[in-house]
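# Observations on chain architecture
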Amino acid sequence: MNFEKYLHHKKNIIDKSLDEFLPPEEKSPSIIHKAMRYSVFSGGKRLRPILTLATAELLGKEIEKVINVACGIELIHTFSLIHDDLPCIDNDDFRRGKPSNHKVFGEAIALLAGDALLVSGFELIVRNSEVKEIKKQSILKVIKEISYYIGTENMLGGQVEDINPKNKNIVKEDLYNMYMKKTAALICVSIRAGAILSGANQRQLKALTRYGENIGVAFQVMDDILDIMQDQREMKKPTYPNKYGIKESKIEAERLIKEAKKSLKIFKHKAEVLNNLADYIISREK
Ligand code: GRG
């Protein structure tokens, strides 16, 4: 299988679904729909929904049966990026090489566009309950899981720690925990959602969760390395490469990816795509 082609194909399916779901730009109030679409269609890699689809495929479920949950997660991810860039949080003028949402639409609309994407994300996830082959009970479980994984004990809590670090002498374990919450949580629940909707058993769910946690933390370590290489300002933040250097951080990311792939052993050759996705996380350039 050509992995590049696989990614491209899945990305097209996700983009089409998102385009069909989101209100058109012209629809009133037009400014908010424009702002939502601006960030949803500005070159995201679609890693999280691809993970949901790939997990479903691994467990023998057709991707059309879980596509709405996958896309709902992408909308929640986009919301978090818009809010992360706001002046009151990370104050980033650019995202994916383009002016960030608030730079184009102003802070108030960016804030509301983020809110709208969070709400729409859940609406799309609930829509997945209209699929005949998906149990209503598993949609409820997915909603509960996502709410937990993005809440104060996970993504939101991690973001709080990121803007408000406990102390200056942050140790490896603190960084690991912060990365687990801030970034790995959403990545991990993208996989768990695909697994739950596909009827994974406890052993499979546990293995996939370990995989998600490890690739999630590795993803943030790589993200910090890429940020440092592009923006010296990032040198001030407590991150893995700032504390341990780029070389050691790469070694750590590789170790995490190796661990992630180990937990997929129970799926044998069926895990090829998830193994490729794990490798992609440390080889990516953006
Ligand atoms: C969940 C209610 C609630 C609040 C969220 C703002 C916030 C609180 C959290 C932000 C967390 C955050 C931005 C973490 C960074 C994760 C990260 C490395 C994002 C970049 O992911 P990519 O590279 O993005 O997959 P694209 O879509 O550009 O490919």
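Report follows, based on the coordinates. Numbering of residues starts from 1 in each chain and follows the order in which that chain's sequence is written. Two thresholds apply to this predicted model, a pLDDT of at least 70 for residue-level local features and 80 or more for giving and counting side-chain atom pairs, whereas whole-chain, interface and lining totals are computed over all residues. Neither water nor hydrogens contribute to the side-chain values; these are computed over all heavy atoms in the structure.

## Observations regarding the packing of aromatic side chains
The test is simple: Within 6.5 Å between ring centres, the rings of Phe, Tyr and Trp (the latter by its six-membered ring) count as paired, and their orientation is classed by plane angle as stacked under 30 degrees, edge-to-face over 60, tilted in between. Secondary structure elements are defined from DSSP: runs of H or I of at least 4 residues count as helices, runs of E of at least 2 residues count as strands, and each element is numbered from the N terminus. Three labels apply to residues, based on accessible area from a 1.4 Å probe with only protein chains included: buried if under 20% of the type maximum, exposed if over 50%, partly exposed otherwise in between.
According to the stated counting rule, one finds five aromatic pairs in the structure shown. Centroid distance Phe-3 to Tyr-6: 6.2 Å. Interplanar angle 10 degrees. Geometry classified as stacked. On the criterion of helical spacing, the pair formed by Phe-3 and Tyr-6 is a turn pair, its members being three residues apart in helix α1 (residues 3–21). Note on Tyr-240 and Tyr-244: the rings are 5.0 Å apart at their centroids and 45 degrees apart in plane angle, and the pair reads as tilted. On the criterion of helical spacing, the pair formed by Tyr-240 and Tyr-244 is a turn pair, its members being four residues apart in helix α11 (residues 240–262). Taking relative accessible area as the criterion, Tyr-244 reaches 24% and is therefore assigned partly exposed.

## Here's the deal with unusual backbone geometry
In this chain, Ser-28 is followed by Pro-29 through a cis amide linkage whose omega measures -5 degrees. Tracing the backbone shows Pro-29 in the loop between α1 and α2 (30–40). At Arg-96, a residue that is not glycine, the phi angle is positive and equals roughly 55 degrees. Of note, Arg-96 is situated in the loop between β1 (94–95) and β2 (98–99). One non-glycine residue, Lys-268, adopts positive backbone phi at about 50 degrees. Considering the arrangement of structural elements, one finds Lys-268 in the loop between α11 and α12 (272–283).

## Digging into the site of the ligand
Our working rule: Proximity criterion: a residue is near a molecule or strand once any of its heavy atoms comes within 4 Å of it. The term polar contact refers here to a pair of N or O atoms within 3.5 Å; inside protein, the definition further demands a hydrogen-donor-capable atom paired with an acceptor-capable atom, and it admits residues adjacent in sequence only when both atoms are side-chain atoms. With residues, only the protein chains shown are counted as cover, and all accessible areas are computed by Shrake-Rupley using a 1.4 Å probe. Each residue gets one label: Ala, Val, Leu, Ile, Met, Phe, Trp, Tyr, Cys and Pro are nonpolar, Asp, Glu, Lys and Arg are charged, and the others, such as Gly, are polar.
Residues in close proximity to the ligand total 19 residues, the closest being Lys-45, Arg-48, His-77, Arg-96 and Ile-150. A distance of 2.8 Å separates an oxygen atom of the ligand from a polar atom in the side chain of Arg-48. In this structure, an oxygen atom belonging to the ligand sits 2.7 Å away from a side-chain N or O atom of Arg-96. For the ligand, whose accessible area on its own is 760 Å², the fraction buried by protein is 90%. Take the shell around the ligand: its biggest share by element is six residues, from helix α4 (residues 67–85). Across the shell around the ligand, the residue classes tally to six nonpolar, seven polar and six charged.

## Points about α1
Since one α-helical turn is 3.6 residues long, residues separated by three or four positions face the same way. The criterion, for reference: A helix is expected to span 1.5 Å multiplied by its residue count minus one. Note that the arc is defined by the directions from the helix axis to the C-beta atoms.
An ideal rise of 1.5 Å per residue puts 27 Å on 19 residues; α1 measures up with 27 Å between its terminal C-alpha atoms. Of all the positions in α1, only Phe-3, Tyr-6, Leu-7, Lys-10, Ile-14, Asp-15, Ser-17, Leu-18 and Phe-21 are classed as buried. Relative to the axis of α1, the buried residues are bounded by an arc of 165 degrees and lie together on one face. Opposite the buried face of α1, by more than 90 degrees, sit the exposed residues Glu-4, Lys-5, His-8, Lys-16 and Glu-20. Between a side-chain oxygen at the N-terminus of α1 and the backbone nitrogen of Glu-4 the separation is 2.9 Å; the capping residue is Asn-2.

## Examining the pattern of salt bridges
For clarity, the cut-off: For salt bridges, the criterion is a side-chain nitrogen of Lys or Arg within 4 Å of an Asp or Glu carboxyl oxygen.
On inspection of all chains with the given rule, the structure shows 20 salt bridges. When the shortest N-O distance is used, the salt bridge between Glu-57 and Lys-10 registers 3.3 Å. Taken together, the residues span a long stretch of sequence, with Glu-57 in helix α3 (residues 47–58) and Lys-10 in helix α1 at a distance of 47 residues. Residue class for Glu-57 comes out partly exposed when judged on its relative accessible area of 35%. With a shortest N-O distance of 2.8 Å, Arg-95 and Asp-85 are connected by a salt bridge. Here Arg-95 is found in strand β1, whereas its partner Asp-85 is found in helix α4, with 10 residues between them in sequence. For Arg-95, a relative accessible area of 24% translates into the label partly exposed. Of the residues examined, Asp-85 reaches a relative accessible area of 3% and is grouped as buried.

These values are about where atoms sit, not about what they do.
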